[in-house]
Amino acid sequence: MPVFNSLSDRLTSTFKNLRTRGRLSEADIDATVREIRRALLDADVAVPVVREFTGAVRERALSSEVSGALNPAQQVVKIVNEELVDILGGATRPLTLAKTPPTVIMLAGLQGAGKTTLAGKLAHALKGQGHTPVLVAADLQRPNAVTQLSVVAERAGVPVFAPHPGNTSEADDPAADAPLIGDPVGVARDGVAYARDRQHDVVIVDTAGRLGIDEVLMQQASDIRAAVNPDEVLFVIDAMIGQDAVNTAKAFADGVDFTGVVLSKLDGDARGGAALSVAKVTGRPIMFASTGEKLTDFEVFHPDRMASRILD
Ligand code: GDP
């Protein structure tokens, strides 16, 4: 993962220094933990998360609870790996599907986070698994958003429910039942009804984002949530936004609440350590990762695999 390259290099070189050691003294462990702390902070991981992480690594390394079959360097790597898995959310968290379709998935996040792109990727992936998703354009904030979602839907080969003028893939059914532009809550609600009527088993509701955190935006997202009662609310966050990630995630957790996190732009080259903070800070699992602009640049997020990639 490019966003973790620098962190990855720093951690591996820290471990390389340990390889020549026999037993590790407390001073060796402290020096190693200090290097890990610096690497995490330089990668923009949130300070409280770094503190907790390094505290746990130090304590476990000192008590050397791990198997005697490993040499000291391997023991430290094992501990760091397990603690990384922990801050990344522990186990893989699959998408919750409604017992009675349609499953409603709402997307939330700042403007530019990658929500619309994700809507297409998720729809494409679900379609590949035999689902029949429909996208709902409840982002009426930007003039282009509806059109953009329609383009994404077409690319993914799924229909879109949108107010005019974006309703391209339902041209034969010009959304006569769609409310007027300007009522995103109504669009979201009608989109879910539309899916139910036409037996689409998944509805993905794209919502508006702003450049910064905004009361009106939060209220709107919260109203949409109340109107459509989603099975999942996915908070999409640009992995490259640095330390702002924590405040943004907290604001969305308080304002809308979400059930899972999607990290986008993991292909970027900025320091993506903030992405490592989000699950821990919000207590919500990272469920998917977006790694590019193409429909297929998308994967289910596995904390253990990501930790191994970082430590590779
Ligand atoms: P939204 O405002 O949250 O709906 O964000 P968009 O989906 O419109 O994405 C904003 C920009 O980021 C667009 O130019 C996307 O092509 C781009 N983008 C989205 N996801 C990714 C990703 O995973 N990697 C990269 N490199 N670009 C992305």
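The rules behind these values
Residues numbered from 1 in each chain as written. Predicted model: local features only at pLDDT ≥ 70, side-chain atom pairs only at ≥ 80, totals over all residues. Heavy atoms only, no water. UniProt positions renumbered as here; feature names shortened; annotations may be inferred. Helix = DSSP H or I, 4+ residues; strand = E, 2+ residues; numbered from the N terminus. Rg over C-alpha atoms; globule rule 2.2 N^0.38 Å. Areas by Shrake-Rupley, 256 points an atom, 1.4 Å probe, with all protein chains shown as cover. Lys, Arg positive; Asp, Glu negative; His and termini not counted. Charge placed at Lys NZ, Arg CZ, Asp CG, Glu CD. Buried < 20%, exposed > 50% of the residue type's maximum accessible area, 1.4 Å probe, protein only. Pairing = 2+ DSSP bridges. Right-handed = clockwise from strand over helix to strand, strands pointing away. Axes fitted to C-alpha atoms, helices over the stretch in contact; angles between N-to-C directions. Parallel < 35°, antiparallel > 145°, perpendicular 65-115°, else oblique. Left-handed = near helix turned anticlockwise from the far one by under 90°. Contact = heavy atoms within 4.5 Å. Nonpolar A, V, L, I, M, F, W, Y, C, P; charged D, E, K, R; others polar. Near = heavy atom within 4 Å. Polar contact = N/O pair within 3.5 Å; in protein donor to acceptor, adjacent residues only side chain to side chain. 1 Å grid on protein atoms, 1.4 Å probe; cavity = no way out; pocket = protein on both sides within 12 Å on 5 of 7 lines; lining within 4 Å. Sits in = over half its atoms within 2 Å of the grid points. Expected span 1.5 Å × (residues − 1). Phe/Tyr/Trp six-rings, centres within 6.5 Å; stacked < 30°, edge-to-face > 60°.

- The protein chain goes by Signal recognition particle protein in an unreviewed UniProt entry, where it is assigned to Promicromonospora soli.
- Turning to the protein chain, the UniProt annotation filed under Subcellular location (unreviewed entry) states: "Cytoplasm".
- Quoted straight from UniProt, the Sequence similarities (unreviewed entry) entry for the protein chain says "Belongs to the GTP-binding SRP family. SRP54 subfamily."

**Describing the overall build of the protein chain**
- Of the regular secondary structure elements, the protein chain holds 11 helices and eight strands.
- Here the C-alpha atoms of the protein chain give a radius of gyration of 22 Å, agreeing with the 20 Å that 2.2 N^0.38 yields for 312 residues.
- Viewed in the frame of its principal axes, the protein chain has a C-alpha envelope of about 75 × 40 × 30 Å.
- Carbon and sulfur atoms form 49% of the exposed surface of the protein chain, whose accessible area is close to 13600 Å².
- Positive and negative side-chain charges of the protein chain, numbering 32 and 40 respectively, have mean locations separated by a distance of 6 Å.

**With respect to the pairing of strand β5 (residues 232-238)**
- Counting buried positions along β5 yields seven of seven residues, so the element is predominantly enclosed.
- Burial of β5 is two-sided: the residues Glu232, Leu234, Val236 and Asp238 facing one way and the residues Val233, Phe235 and Ile237 facing the other way are all buried.
- Judged from the five bridges that link them, β5 and strand β6 (residues 260-264) form a sheet pairing that is parallel. Counterpart to Phe235 in the pairing with β6 is Val261.
- Traced from β5 through helix α9 (residues 244-255) to β6, the parallel crossover comes out right-handed.

**Comments concerning the packing of helix α2 (residues 26-42) against helix α3 (residues 47-63)**
- It is the contact of α2 with α3, at a shortest axis distance of 10 Å, that shows an interaxial angle of 155°. Taken together, α2 and α3 sit at an angle that is classed as roughly antiparallel. As for how α2 packs across α3, the hand of that crossing is right-handed. Seen from α2, the contacting residues are Glu26, Ile29, Asp30, Val33, Ile36, Arg37, Leu40 and Leu41; seen from α3, they are Val47, Val50, Phe53, Thr54, Val57, Arg58, Ala61 and Leu62.
- For the contact of α2 with α3, a count of residues per class yields 11 nonpolar, one polar and four charged.

**Regarding the site of the ligand**
- Lining the immediate environment of the ligand, one finds 17 residues, of which Gly112, Thr116, Thr117, Asp267 and Glu293 sit closest.
- The contact in question runs from a nitrogen atom of the ligand to an N or O atom on the side chain of Asp267, over 2.7 Å.
- Its free accessible area being 580 Å², the ligand has 80% of it covered by the protein chains.
- Counting atoms within 2 Å of the grid points, the majority share of the ligand lands in the largest pocket.
- Of the residues forming the shell around the ligand, the biggest block, four residues, is contributed by helix α5 (residues 115-128).
- Class assignment for the residues of the shell around the ligand results in two nonpolar, nine polar and six charged.

**As for helix α1 (residues 5-18)**
- Its 14 residues place the ends of α1 20 Å apart at the C-alpha level, agreeing with the 20 Å of an ideal helix rising 1.5 Å per residue.
- The inward-facing, buried residues of α1 abut α2, α4 (72-87), α10 (275-282) and α11 (303-311).

**Things to note about the UniProt feature "domain: SRP54-type proteins GTP-binding" (unreviewed entry) in the protein chain**
- What UniProt calls "domain: SRP54-type proteins GTP-binding" (unreviewed entry) maps, in this numbering, to residues 285-298.
- Between the end C-alpha atoms of residues 285-298 there is a gap of 17 Å, over a span that is 0% helix and 43% strand.

**Comments concerning the environment of Ile237**
- On the secondary structure map, Ile237 appears in strand β5.
- Under the relative-accessibility criterion, Ile237 is labelled buried at 3%.
- Residues Ile237 and Gly109 lie 128 residues apart in sequence; the distance between their C-alpha atoms is 6.3 Å.
- Ignoring any residue separated from it by four or fewer positions in sequence, one finds Ile237 in contact with Ala113, Ala245, Val261, Val262, Leu263, Ser264 and Val278.

**Comments concerning the sheet that holds β5**
- Here eight strands make up an open sheet; going across it, the order is β3-β2-β4-β1-β5-β6-β7-β8 and the pairing mixed. Two strands lie at the open edges of the sheet, namely β3 (160-161) and β8 (298-300), each paired on one side alone.
- Contacts from helix α6 (residues 145-156) reach β2 (133-138), β3 and β4 (202-207), with the element oriented near 170° to β2.

**Quick look at the packing of aromatic side chains**
- Throughout the structure, instances matching the rule amount to four aromatic pairs.
- Where Phe235 meets Phe258, the ring centres are 4.8 Å apart and the plane angle is 20°; that geometry is what we call stacked. Of this pair, Phe235 sits in strand β5 while Phe258 is found in the loop between α9 and β6, placing the two residues 23 residues apart along the sequence. Neither Phe235 nor Phe258 differs from the other in exposure class; each is buried.

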